[in-house]
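Results of the structural survey
Residue-level listing of the chains:
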Amino acid sequence: MKSAVENLTPTRVKLNVEVPFEELKPSIDEAYKTIATQVQVPGFRKGKVPNRLIDQRVGRGYVLETAVNDGLNGWYQAAVQEAGISPLSRPEVEITEVPDPAATEGGLKFHVEVDVRPEIELPDYSAIAVEVAAAETADEDIDKSLDELRGRFGTLKTLDRPAAEGDFLSIDIAARIDGEEVDSASGLSYEVGAGTMLEGLDEAVTGLSVDEVTVFDTKLAGGDHAGEAAQVTVTVRSVKERELPVADNDFAELASEFDTIAELREDLAKQVAEAKVVDQGVEARDKVLDKLLEMIEVPIPESVIAEQLEQHFNGEGGHGGEDHDTEEHRAEVRTNTERAFRNEIILDSIADKEEIGVSQNELIEYIVSSASQYGMEPNQFAQMLDSTGQVSMIVSEVRRRKALAAVLAQANVTDTNGEAVDLSSFVSAGDDEAEADDVEANDEIETLEADDVDAAEDANDAAVDAAKSAEEDAPAGDDPGAARF
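Now for a description of the structure that goes with this document. Everything numeric here is computed off the predicted structure, so don't read it as measured data.

The 4 strands lie next to each other as E1-E2-E4-E3, forming an open sheet whose pairing is antiparallel. Of all strands in the sheet, those bounded by a partner on one side alone are strand E1 (2-9) and strand E3 (92-97). In this sheet, adjacent strand axes meet at a mean angle of 20° when their direction is disregarded. Summarising the sheet, strand E2 (residues 12-19) and strand E4 (residues 108-115) pair through 8 bridges and their orientation is antiparallel. Within E4, the residue paired with Lys-14 across the bridge is Glu-113. In the packing of helix H3 (residues 60-83) onto the sheet, contacts are made with E1, E2, E3 and E4, and the angle to E4 comes to roughly 60°.

Turning to helix H11 (residues 378-387), its buried residues are Pro-378, Asn-379, Phe-381, Ala-382 and Leu-385. Looking down the long axis of H11, one finds its buried residues gathered within 160° of arc, a one-sided arrangement. Just downstream of H11 lies Gly-389, where phi reads positive at about 70°.

Right, let's get into the side chain of Arg-399. Looking at where Arg-399 falls in the secondary structure, it is placed in helix H12 (residues 391-410). Polar side-chain contacts of Arg-399 include one of 2.8 Å to the backbone oxygen of Ile-356. Discounting chain neighbours no more than four positions away, the residues touching Arg-399 are Asp-348, Ala-351, Asp-352, Ile-356 and Val-358.

Right, let's get into the packing of helix H4 (residues 139-152) against helix H7 (residues 261-295). The geometry of H4 relative to H7 is characterised by a closest axis approach of 9 Å and an angle of 110° between their N-to-C directions. Judged by the inter-axis angle, H4 sits roughly perpendicular to H7. On H7, the residues touching Asp-139, Asp-141, Ile-142, Asp-143, Ser-145, Leu-146 and Leu-149 of H4 are Ile-261, Leu-264, Arg-265, Leu-268, Ala-269, Val-272 and Lys-276. Along the lines of polarity and charge, the residues of the contact of H4 with H7 split into 8 nonpolar, 1 polar and 5 charged.

Let's shift gears to the side chain of Ser-238. Counting through the fold element by element, Ser-238 comes out in strand E10 (residues 229-243). The exposure class assigned to Ser-238 is buried, which follows from its relative accessible area of 16%. Sequence-distant contacts of Ser-238, that is, excluding residues within four places in its chain, are made with Phe-168, Leu-169, Ser-170 and Val-210.

Okay, the packing of aromatic side chains next. One pass over the full model with this rule turns up 2 aromatic pairs. Ring geometry for Phe-153 versus Phe-251: centroids 5.8 Å apart, planes at 90°, classification edge-to-face. Linking Phe-153 in the loop between H4 and strand E6 (155-158) with Phe-251 in helix H6 (residues 249-255), this pair joins segments that are 98 residues apart in sequence. A relative accessible area of 34% places Phe-153 in the partly exposed class.

We now examine the environment of Thr-218. Examined against the element boundaries, Thr-218 turns out to sit in strand E9 (residues 213-219). Given a relative accessible area of 8%, Thr-218 falls into the buried group. Sequence-wise, Thr-218 and Leu-198 are 20 residues apart; in three dimensions their C-alpha atoms are separated by 7.3 Å. Those residues within four positions of Thr-218 in sequence are excluded, and the remaining contacts are Leu-198, Glu-199, Glu-228, Ala-229, Ala-230 and Val-232. A polar side-chain atom of Thr-218 sits 2.8 Å from the main-chain carbonyl oxygen of Glu-199.

Here is what the cut-offs are and how they apply
- Residues numbered from 1 in each chain as written.
- Predicted model: local features only at pLDDT ≥ 70, side-chain atom pairs only at ≥ 80, totals over all residues.
- Heavy atoms only, no water.
- Pairing = 2+ DSSP bridges.
- Helix = DSSP H or I, 4+ residues; strand = E, 2+ residues; numbered from the N terminus.
- Axes fitted to C-alpha atoms, helices over the stretch in contact; angles between N-to-C directions.
- Contact = heavy atoms within 4.5 Å.
- Buried < 20%, exposed > 50% of the residue type's maximum accessible area, 1.4 Å probe, protein only.
- Arc of directions from axis to C-beta.
- Polar contact = N/O pair within 3.5 Å; in protein donor to acceptor, adjacent residues only side chain to side chain.
- Parallel < 35°, antiparallel > 145°, perpendicular 65-115°, else oblique.
- Nonpolar A, V, L, I, M, F, W, Y, C, P; charged D, E, K, R; others polar.
- Phe/Tyr/Trp six-rings, centres within 6.5 Å; stacked < 30°, edge-to-face > 60°.

Encoded structure:
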């Protein structure tokens, strides 16, 4: 077989393929065998019909057509491998020449147009410089951390007054569109001012007392009518406020390993400082990625972006609807899709240059971490990934994260005070956490094995398979009713 590549654009190629008769013949022989099991000729058993009789019954042309159709994908894949390209879209095939049905020589010719991953030129990213916020810890930061800890041990006290910001309410809620109720829920818990349910809800419930009702207009945030305008009726069933325990030595003993509030505050100060460094790392990481996008030009295949837009708006589980599918929203989704594509191409190229791989332990750690975000057991999550063919996607995601971390490790990071920022602990934290989480992950898988040996083995097998192939954010809400609104 011979093939040649013709570059049509930076993201699209044309493969011209020639298959000589001697390479086409095995497919022709296989086609005869297949057709022999499908036709019935008196005097011959199924599968034993001679080729000459098949030619008489269905025609030599049909045999050739079957041979070409059955072998086409194999020849295309061989041409792709020979050309060293990475297809991104469904190939468009045109057969330009087939052997004469009456002849025993001559070959097959076809060409294929397909979108491919673009080749990019990586700059010297070791010279990237970014500025991040200074990691300054104030007493207010420690007080806030202490108050959050106190909040975990707080109690709710029923109030006989109108609701105010920070209060905790129990509410009944119902949504109507054109007078018809489309959703409702009772006994939902909601903190006034949280802004986690419906736009306008905080303003609507503020000032309401128990058993008072109000109606407000908004757009639904979830469910079958997401994005649609609705009239929402909300009834307040209770108003409570959180009472925090006194921050004294007794509280320190209750909430921590420390005997005094001074020791607890000192430990919280360390935690706040560490969190500030993490914040700096996240900010630096995001800015480094922005710099890479500025420095590197990535050609974008229009057909690939168009297909993803079509899937987003009109595919299964799509986000259609007149209120949602607007020109403005399409432009926003297109921008995000193009950026995601550029991110992938750049980080994959860096991973190739840095020779970054994904180990089995790294994949297990990722599976355990991701499973907890979705409220699933690791083995269940791993099996879901395997059954839906997403394992390779997860491997690629872990590899890209490592690639970005490699660039961040080389970047020059300073804070707003002009001081150099040492992010070595942030960059290496991924490896250290991976080792720690590997132990946790393996312990968890061993625990799962005691309950369900087969399921746990499947989880580990999925991780092993993914790691081998590598070598070649929507958590559910705490309140089931709130997710609909």
